[in-house]
Amino acid sequence: MPSFPRVFLGLFCLLVAVLLLAPTLVVIPMSFNGNKSLAFPPVGFSWQWYANFFSNPDWTTSFTNSLIIALIVAVVATVVGTLAAFGVTRAAARTGGLLRALLITPMVVPGVVLAIGIYAVYLDAHLVGTVVGFVLAHTMLAIPFVLIAVQASLEVFDRRLETAASSLGAGRLTVFRTVTLPLILPGILSGALFAFITSFDEIIVALFITSPYLKTLPVQIYTSITRDADPTVAAVGTLLFIATSLIIVAGLLFGMRRGRT
Amino acid sequence: MNAPQRSAGAAIEIRKASKRYGAFTALNDIDLHIRPGEFMTLLGPSGSGKTTTLNLIAGFTDISSGALEIGGKSVTGLPSHKRNIGVVFQHYALFPHMTVGKNVAYPLTLRGIKGEDRERRVKRALDMVKMTDFAHRYPNELSGGQQQRVALARALVFDPPLLLMDEPLGALDKKLREWLQLEIKRIHRELGTTFVYVTHDQEEALVLSDRIAVFNGGRIEQIGTGRELYDHPATLFVGRFIGESTVLRGPTETVDGNTVMTIGKDKVVAHGRLPGDARPVILLRPERTALKRPGADAVTGENRLSGTVEEAIYLGSGSKYEVRLTDGTTAVVRSPLGGADFRIGDPVDVTFTPADLTLLPDDASADVTLT
Ligand SMILES: Nc1ncnc2c1ncn2[C@@H]1O[C@H](COP(=O)(O)OP(=O)(O)OP(=O)(O)O)[C@@H](O)[C@H]1O
Ligand SMILES: [Mg+2]
């Protein structure tokens, strides 16, 4: 029979899990609400909010905007962040440490402060409400995540493998392509995923630099929920929940397959 | 034929080479000539510059001054991936994301060798190290000895004229080491490739090498066959590093052109004298000395040092004795099977002819480095 502390520990974990999951689990039933209300528990059952999400241009456009911006951010931030991680890891210890501290400031500085700064600069540069503006701002926010993820895998990467590859006849680019890259790929991929999510999820800066002509999904969710209690928000939430769950499961499966080798 | 093609080994010529890291000199003016197809071992204590020398040859580090030629051509400025040299590392350095087969195929792919030709050469290399059945495994599914055999196959599969090995057996247990030493020797014999092998284990060096270069503090003390180094060490350091030895130190005088050293109550005569005014020491080998009862079996011209047996060890193939001499030095003596038996506490004479000893200049660094 399990001892008392074990039972207690188990129950405590369950409680934490429920607390963490509760908001999500509230959203799912609400998305099938029969009425146009965000009251919980929902009344009746319907698919209309899902239909609305896929047909209403306000929702489809903002979703496509977010997707495009987040994809570009994922690519740019991953390339820049990975290069930065190489620099930080392979520079002299002191320089590397300083650079790293500098590069992760966007993660530490409060979002509103950044948002105000970005907004002020964008007004002059006419970047408010542009895709370029969003990509630049979100890339800045995403780089620290890529840096941290890639640096973690670079630190466990055995550089002596590069020496070995070189002795076997591989030039620097070939060494990178055939040895370094495949071995730090998990770090780069998780960095890319973080970058994508950082951008896709971002609301504070987005609220400042948005315009009626360019809204991202989080901005659309925010405006729709402040204007009227539209359960489409819950439908979007549920879809995002399913999408992220699928990505995580895929990531775990991928990790397990690699872990075997 | 099972092994990669017999290729002509490359000669290596190192002249007045130095390597400095800032103010620190890791290699000081070394000269080393390695013949084509030779098995040359770089032997020396930790930090003596063996790896640095190997790294210079492989192109992993730049030479600070001096000349380096491989196969008659200067390789200064040539990056390591263009040198066509096989390298085996102590830490194996197999690519963890590739199977054994892919690891061995890697250098061939880089050289544009494809398809059946590549398959055949990979198989031949794996056959040579007896790892053919493991081609589909990943490195982390292999033991250390197996990984090192794969690394050897990978370093030889492209028929390099030169193979460098840096303590390849350092991480393996004794039995496996001894077996792999013989495998490496066999492969060297079959291929005719020049092998340069780094170790700090003098026994390993003696087993493997055609010649040995003894390193000490960034310099080469002596280059020669195992026998030359053992029988005629050029320095006290070499004499002590290779094999077992007893070192005698005492006040000396020159009598009739010979050196006479006083050891406690006894005197030792060594033929000739050292050039210059270096303080002489006498180096004795355990099997070139014998134990006799005090005063018994005198032979004209032999040296006799009286002492007491401190330790007697039966070795099967003979016995080993430690004898405390009258000046407090401990002398090591090996006697063959069937010799007289001595017990701890027995008074004895350690005997040897002047031809059995080596007279060398004293060198304080020889003691420090060895302990
Ligand atoms: N990159 C470096 N920077 C500074 N000093 C170095 C560097 N590499 C080696 N050294 C120094 O050079 C000396 C020789 O090193 P080397 O690696 O050649 O020794 P080794 O004979 O291979 O010793 P070991 O048996 O321990 O491997 C050592 O004192 C070492 O500290
Ligand atoms: Mg070394």
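Residues numbered from 1 in each chain as written. Chains lettered and ligands numbered in written order. Predicted model: local features only at pLDDT ≥ 70, side-chain atom pairs only at ≥ 80, totals over all residues. Heavy atoms only, no water.

Under an unreviewed UniProt entry, the name given to chain B is Spermidine/putrescine import ATP-binding protein PotA, and the organism recorded is Shinella lacus. Regarding chain B, the relevant UniProt record gives this comment under Catalytic activity (unreviewed entry): "ATP + H2O + polyamine-[polyamine-binding protein]Side 1 = ADP + phosphate + polyamineSide 2 + [polyamine-binding protein]Side 1." What UniProt states about chain B under its Subunit (unreviewed entry) heading is, verbatim, "The complex is composed of two ATP-binding proteins (PotA), two transmembrane proteins (PotB and PotC) and a solute-binding protein (PotD)." (UniProt positions renumbered as here; feature names shortened; annotations may be inferred.)

The name given to chain A in an unreviewed UniProt entry is ABC transporter permease, with Shinella lacus as the source organism. Checking UniProt for chain A, the heading Sequence similarities (unreviewed entry) contains the comment "Belongs to the binding-protein-dependent transport system permease family."

Observations regarding the overall build of chain A
A tally of helices and strands in chain A yields 12 helices and zero strands. Taken across its 261 residues, chain A has 38% of its residues classed as buried. Accessible area of chain A: about 14600 Å², with a carbon and sulfur share of 76%. Placing the 14 positive and 9 negative side-chain charges of chain A at their respective mean positions leaves the two points 15 Å apart. (Helix = DSSP H or I, 4+ residues; strand = E, 2+ residues; numbered from the N terminus. Buried < 20%, exposed > 50% of the residue type's maximum accessible area, 1.4 Å probe, protein only. Areas by Shrake-Rupley, 256 points an atom, 1.4 Å probe, with all protein chains shown as cover. Lys, Arg positive; Asp, Glu negative; His and termini not counted. Charge placed at Lys NZ, Arg CZ, Asp CG, Glu CD.)

Concerning the layout of surface pockets
All names here are of chain A. By volume, the largest pocket is sized at about 500 Å³. Forming the walls of the largest pocket are 18 residues, and the residues nearest its centre are Arg159, Glu162, Ser166, Arg172 and Val175. Elements represented by at least two residues in the lining of the largest pocket include exactly helix H3 (57–90), helix H8 (160–167) and helix H9 (172–201). Top element by residues in the lining of the largest pocket is H9. It accounts for five residues. Residues that form the lining of the largest pocket fall into these classes: seven nonpolar, seven polar and four charged. The calculated volume of the second largest pocket comes to roughly 410 Å³. (1 Å grid on protein atoms, 1.4 Å probe; cavity = no way out; pocket = protein on both sides within 12 Å on 5 of 7 lines; lining within 4 Å. Points joined across faces, edges and corners; volume = space filled by probe spheres on them. Nonpolar A, V, L, I, M, F, W, Y, C, P; charged D, E, K, R; others polar.)

Description of the pairing of strand S9 (residues 211–216) of chain B
All names here are of chain B. A large share of S9 lies buried, amounting to six of its six residues. Side chains of S9 alternate between two faces, with Arg211, Ala213 and Phe215 and Ile212, Val214 and Asn216 buried alike. Pairing of strand S3 (residues 39–43) with S9, which is carried by four bridges, proceeds in the parallel orientation. The residue bridging leucine 43 from the neighbouring strand is valine 214, located in S9. Bridge analysis of S9 against strand S10 (residues 219–224) gives five bridges, and the strand direction is antiparallel. In the strand pairing of S10, alanine 213 is matched with isoleucine 223. Connecting S9 to the antiparallel partner S10 that follows it, the hairpin turn spans two residues, and glycine 217 within it adopts a positive phi of roughly 55°. (Pairing = 2+ DSSP bridges.)

Examining the sheet that holds strand S2 (residues 24–34) of chain B
With respect to topology, four strands assemble into an open sheet ordered S2-S1-S4-S5 (chain B), the strand pairing being antiparallel. In this open sheet, the two strands that pair with only one neighbour each are S2 and strand S5 (73–74) of chain B.

Things to note about a nonpolar patch on the surface
Nonpolar side chains collect at one region of the surface, where Phe4(A), Phe8(A), Leu9(A), Phe12(A), Leu15(A), Val16(A), Leu19(A) and Leu20(A) lie side by side and expose about 920 Å² of accessible area between them. Checked against the element boundaries, Phe4(A) lands in helix H1 (residues 4–30). (Patch = residues over 30% accessible without salt bridge, like charges linked within 9 Å, V, L, I, M, F, W, Y side chains within 5 Å. Salt bridge = Lys/Arg side-chain N within 4 Å of Asp/Glu carboxyl O.)

Structural notes on the pattern of salt bridges
In total, this model carries 29 salt bridges over all chains according to the counting rule given. Residue Arg90(A) is joined to Glu162(A) by a salt bridge in which the shortest nitrogen-to-oxygen separation is 3.3 Å. With Arg90(A) in helix H3 and Glu162(A) in helix H8, the pair connects residues that are 72 residues apart, well separated along the chain. For Arg90(A), a relative accessible area of 29% gives the class partly exposed. Overall, Glu162(A) belongs to the buried group, its relative accessible area being 12%. Taken together, the salt bridges that share partners define one network made up of Lys130(B), Glu183(B), Arg186(B) and Glu190(B).

Digging into empty space enclosed by the protein
Residues and elements named next belong to chain B. Inspection of the entire model under this criterion finds one cavity of 30 Å³ or more. Estimates place the volume of the largest cavity at around 60 Å³. Taken together, Val88, Gly145, Gln148, Arg149, Leu152, Met165, Pro168, Leu169, Leu180 and Ile184 make up the full set of residues lining the largest cavity. When residues of the lining of the largest cavity are traced back to their parent elements, those giving at least two are helix H4 (144–156) and helix H5 (174–191). Of the residues forming the lining of the largest cavity, the biggest block, four residues, is contributed by H4. Residue composition of the lining of the largest cavity, grouped by class: seven nonpolar, two polar and one charged.

Description of the interface of chain A and chain B
Across the boundary between the two partners, chain A contributes 17 residues, which contact 22 residues of chain B. With both sides pooled, the region where chain A packs onto chain B buries about 1700 Å², and carbon together with sulfur makes up 67% of that total. At the junction of chain A with chain B, the criterion picks out zero salt bridges. Seen at the junction of chain A and chain B, the total is five residue pairs in polar contact (both at pLDDT 80 or more). Breaking the side of chain A that touches chain B down by element, the ones donating at least two residues are H8 and H9 of chain A. Looking at the side of chain A that touches chain B element by element, the count peaks at seven residues for H8(A). A per-class count over the side of chain A that touches chain B returns eight nonpolar, eight polar and one charged. (Contact = heavy atoms within 4.5 Å. Buried area = accessible area lost by both parts, 1.4 Å probe. Polar contact = N/O pair within 3.5 Å; in protein donor to acceptor, adjacent residues only side chain to side chain.)

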